[in-house]
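An overview of the molecular structure
This is what each chain is made of:
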Amino acid sequence: GSTFPPRAREPGEWEEAPGAMASPSPPRNPTEVQMSQLVLPCHTNHRGELSAGQLLKWIDTAACLSAERHAGCPCVTASMDDIYFEHTISVGQVVNIKAKVNRAFNSSMEVGIQVSYEDLCSGKHCSICKAYATFVAQGPSGSKVKLKPLIPQTEEEKIEHSIAAERRRMRLVHKDTLKDLLTRSPRETELETRDGSAAVPAEKTRVESVELVLPPHANHQGNTFGGQIMAWMENVATIAASRLCHAHPTLRAIEMFHFRGPSQVGDRLVLKAIVNNAFKNSMEVGVCAEAYGQEMSVSRRHINSAFMTFAEGERRYREASARKKIRLDRKYVVSCKQTEVPLSVPWDQSNKVYLSYNNVSALKTLVAKANWVLAREKEKVRLYTLEEDKFLSFRIEVSVHIAADQAFSLLSDLRRRHEWDSHYASAELVQQVDDDDMIYHVVSQTLSCENKPQDFVILASRRKPCSNWDPYVVAFRSVTLPTHPASAGFTRGETLCSGFCIWPESEEMSKVAYYNQATPGYLNYVTTNVAGLSSNFCATFKACEKFLLKNKEDLIVRL
């Protein structure tokens, strides 16, 4: 990593005055850092556009300052998630960067960064990118520091805080996802072009450059700024891409990367880049940074590796193709708005991590919404509704005399749901993805208005709490499986976002809540109960309570 203890303030580097730009309500997050930079000619490339390397330095600086505000000590840049650059920025425009800590874990924390530009002449504002960085707090001699928890205040902060745990899980399995995809993909090692013309040998795109780390490149402890390393890496990657396309390409994306170790003032940083693959309108460049001291005999230390996507290209290598698929999965499966995708997403082994992430994060986002309204209460079962845009969501909750982990175990197995939910006829486990994710084929009872039952193919993702404040989560969403297509014997149903959250209220008491972002098939059921014309919701959840109480003793014996 790269260590960033408190820096000397430079003119225009960041805005620190308490309340200078804050509105009186809501209160400003104490970890929030705002930076505004006027783009000058010295910050730009030959086209008069802000260089991506300079922008990365500013992003890293703002994120680190936010992390250190929370930690109260120097912090190390551990990783940076994918960054997608939506626009270029020109000389004379202002770059506005806002960074704040989303969640603190034991010794690491996630910082969310939003970047936009402002045109001073027209007053236009436009988003550039959004990024997530992970920092580790460091004590004396590089020891790790246990962080205090961060308490989110606003609805937006609560959503980011909740989903941060799921993003952390995705980062940890990133390497395994790539290895698994490479193992199953066909082996293609030959170079080829789209039009059959002579290809540029990959070796001709190779770039190697060395940089001497000087005091301006490092903090007062002598550790090289992470943003500076990223800027140098971007420079050699751009040269490699230019050698292939014989033009000046634009950096479009940087893949998730991790810092593997520090470098100090006096180190020589060797930066290497080569074009790995070229697609129809883009190319991937692999770049790495290694460090060594004055003694050449000492082996080089691997500091970082990254993969950057530019425009144009002509090559096909398996790893680059695999990484492109993963980038697309993360970009469109993880970050897309629910209204922009079909309800049932095709299930594939290679995108299982991102579909699972999307499943859990969608439910956590729904849970964190602030505008739930109590619609009905009967026999201590409460029905809440949430109306927003195109969706009507509902929440049913009740307190049950059962430990939270026991309720979690019982409710996460859809094969037992028919024991308490009269809408379910059966549920078959068709694929055990891993310990926390399963795919079921669910058949519902025949409705009075239908002449055949509904069926669903549902991904169930379960998560235990990351901290004392987190609930147990069981999330459901529809997926498409080639082995279980829609058939004439059923009406294929879909669920967009639903599931259980279970909060422990004491060692033997839990609050069990069921959430559902209602699709058209559920709307009549929801509105009938909200209007007081039916008490099905109450009867179903009372049956759920009886199921939990009846089976908790058997569960204790089995455990």
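Remember, it's a predicted structure, so these values are computed and weren't measured experimentally.

On to the overall build of the protein chain, then. Of the regular secondary structure elements, the protein chain holds nine helices and 24 strands. A total of 559 residues make up the protein chain; the buried ones form 54% of that total. Taking the contacts inside the protein chain whose residues are at least 6 apart along the sequence as the reference set, 69% of them involve residues at least 24 apart.

Applying the stated criterion across every chain yields a total of seven aromatic pairs. Consider the rings of Phe 394 and Tyr 514, whose centres lie 6.2 Å apart with planes at 55 degrees: the pair is tilted. Here Phe 394, found in strand 17 (residues 391-400), pairs with Tyr 514, found in strand 24 (residues 509-517); they are 120 residues apart in sequence, far enough to count as distant. The two residues Phe 394 and Tyr 514 agree in class, both being buried. Summarising the aromatic geometry, the rings of Phe 476 and Phe 500 are spaced 6.3 Å apart at their centres and angled 85 degrees between planes, so their arrangement reads as edge-to-face. With Phe 476 in strand 21 (residues 472-480) and Phe 500 in strand 23 (residues 498-506), this pair connects stretches of sequence that are 24 residues apart. Each member of the pair, Phe 476 as well as Phe 500, carries the same accessibility label: buried. The side chain of Arg 167 reaches across the aromatic face of Tyr 132, ending 3.8 Å from its centre.

Turning our attention to helix 1 (residues 52-71). Under the 1.5 Å per step criterion, the end-to-end length of helix 1 is 28 Å for 20 residues, consistent within 8% with the ideal 28 Å. Of all 20 residues making up helix 1, 18 are buried, and the element is well covered by its neighbours. Where helix 1 terminates, the next one or two residues include Gly 72, which has phi positive at roughly 70 degrees.

Another aspect to go through is unusual backbone geometry. In this structure, His 246 is a non-glycine residue whose phi angle is positive, near 55 degrees. Among the structural elements, His 246 can be located in the loop between helix 4 (226-245) and strand 9 (251-254).

Take the environment of Thr 44 next. Within the secondary structure, Thr 44 sits in the loop between strand 2 (33-38) and helix 1. The spacing of Thr 44 and Gln 54 is 10 residues in sequence and 8.2 Å in space, taken between C-alpha atoms. A polar side-chain atom of Thr 44 sits 2.9 Å from the main-chain carbonyl oxygen of Pro 41.

According to the stated counting rule, one finds 23 salt bridges in the structure shown. Between Glu 160 and Arg 167 there is a salt bridge whose closest N-O contact spans 2.8 Å. Residue Arg 167 is classed as buried on the basis of its relative accessible area of 5%. The shortest N-O distance in the salt bridge between Arg 463 and Glu 166 comes to 2.8 Å.

Sheet analysis places strand 18 (residues 424-432) next to strand 19 (residues 437-444), joined by seven bridges and oriented antiparallel. Its bridge partner lying in strand 19, Tyr 424 is registered against Ser 444. The hairpin turn running from strand 18 into strand 19, its antiparallel successor, is four residues long.

Right, let's talk about the side chain of Arg 103 for a bit. By the element assignment, Arg 103 lies in strand 5 (residues 94-104). A polar contact of 3.1 Å, which involves the side chain of Arg 103, links it to the backbone oxygen of His 161. Within the local environment of Arg 103, its side chain forms a polar contact with the side chain of Asp 470, the two groups lying 2.4 Å apart. Leave out the neighbours within four places in its chain, and Arg 103 touches Met 109, Glu 110, Leu 150, His 161, Ser 162, Ala 164, Ala 165, Cys 466, Ser 467 and Asp 470.

The next thing to look at is empty space enclosed by the protein. Under the definition given, this model contains four cavities of 30 Å³ or more. The volume enclosed by the largest cavity comes to roughly 110 Å³. The class makeup of the residues in the lining of the largest cavity is two nonpolar, three polar and five charged.

This brings us to the side chain of Asn 29. Mapped onto the elements of the fold, Asn 29 is located in the loop between strand 1 (2-4) and strand 2. Among the polar contacts listed, one links the side chain of Asn 29 to the side chain of Glu 157, at a separation of 3.2 Å. Not counting the four nearest positions on each side in its chain, Asn 29 is found in contact with Lys 100, Val 101 and Glu 157.

Now for a nonpolar patch on the surface. A cluster of nonpolar residues, Leu 38, Leu 40 and Leu 120, forms a patch on the protein surface that exposes about 270 Å² of accessible area. In this fold, Leu 38 is placed in strand 2.

Within strand 7 (residues 125-137), 10 of the 13 residues are buried, leaving the element largely enclosed by the surrounding structure. Sheet topology note: the strand 3 (residues 75-80)/strand 7 ladder contains five bridges and is antiparallel. Paired with Met 80 across the strands is Ala 133, a residue of strand 7. Here strand 6 (residues 108-118) folds back onto strand 7, and the loop between the two strands holds six residues, one of which, Gly 123, carries a positive phi near 80 degrees.

Checked against the element boundaries, Ser 510 lands in strand 24. According to the relative accessible area criterion, Ser 510 is buried, its value standing at 0%. Sequence-wise, Ser 510 and Ala 407 are 103 residues apart; in three dimensions their C-alpha atoms are separated by 8.0 Å. Those residues in contact with Ser 510 that sit more than four places away from it in its chain are Val 398, Ser 399, Val 400, Ile 402, Ala 403, Ala 404, Ile 502, Trp 503, Pro 504 and Glu 505.

Reading guide: rules and limits
Residues numbered from 1 in each chain as written. Predicted model: local features only at pLDDT ≥ 70, side-chain atom pairs only at ≥ 80, totals over all residues. Heavy atoms only, no water. Helix = DSSP H or I, 4+ residues; strand = E, 2+ residues; numbered from the N terminus. Buried < 20%, exposed > 50% of the residue type's maximum accessible area, 1.4 Å probe, protein only. Contact = heavy atoms within 4.5 Å. Phe/Tyr/Trp six-rings, centres within 6.5 Å; stacked < 30°, edge-to-face > 60°. Lys NZ or Arg CZ within 6 Å of the ring centre and 35° of its normal. Expected span 1.5 Å × (residues − 1). Polar contact = N/O pair within 3.5 Å; in protein donor to acceptor, adjacent residues only side chain to side chain. Salt bridge = Lys/Arg side-chain N within 4 Å of Asp/Glu carboxyl O. Pairing = 2+ DSSP bridges. 1 Å grid on protein atoms, 1.4 Å probe; cavity = no way out; pocket = protein on both sides within 12 Å on 5 of 7 lines; lining within 4 Å. Points joined across faces, edges and corners; volume = space filled by probe spheres on them. Nonpolar A, V, L, I, M, F, W, Y, C, P; charged D, E, K, R; others polar. Patch = residues over 30% accessible without salt bridge, like charges linked within 9 Å, V, L, I, M, F, W, Y side chains within 5 Å. Areas by Shrake-Rupley, 256 points an atom, 1.4 Å probe, with all protein chains shown as cover.

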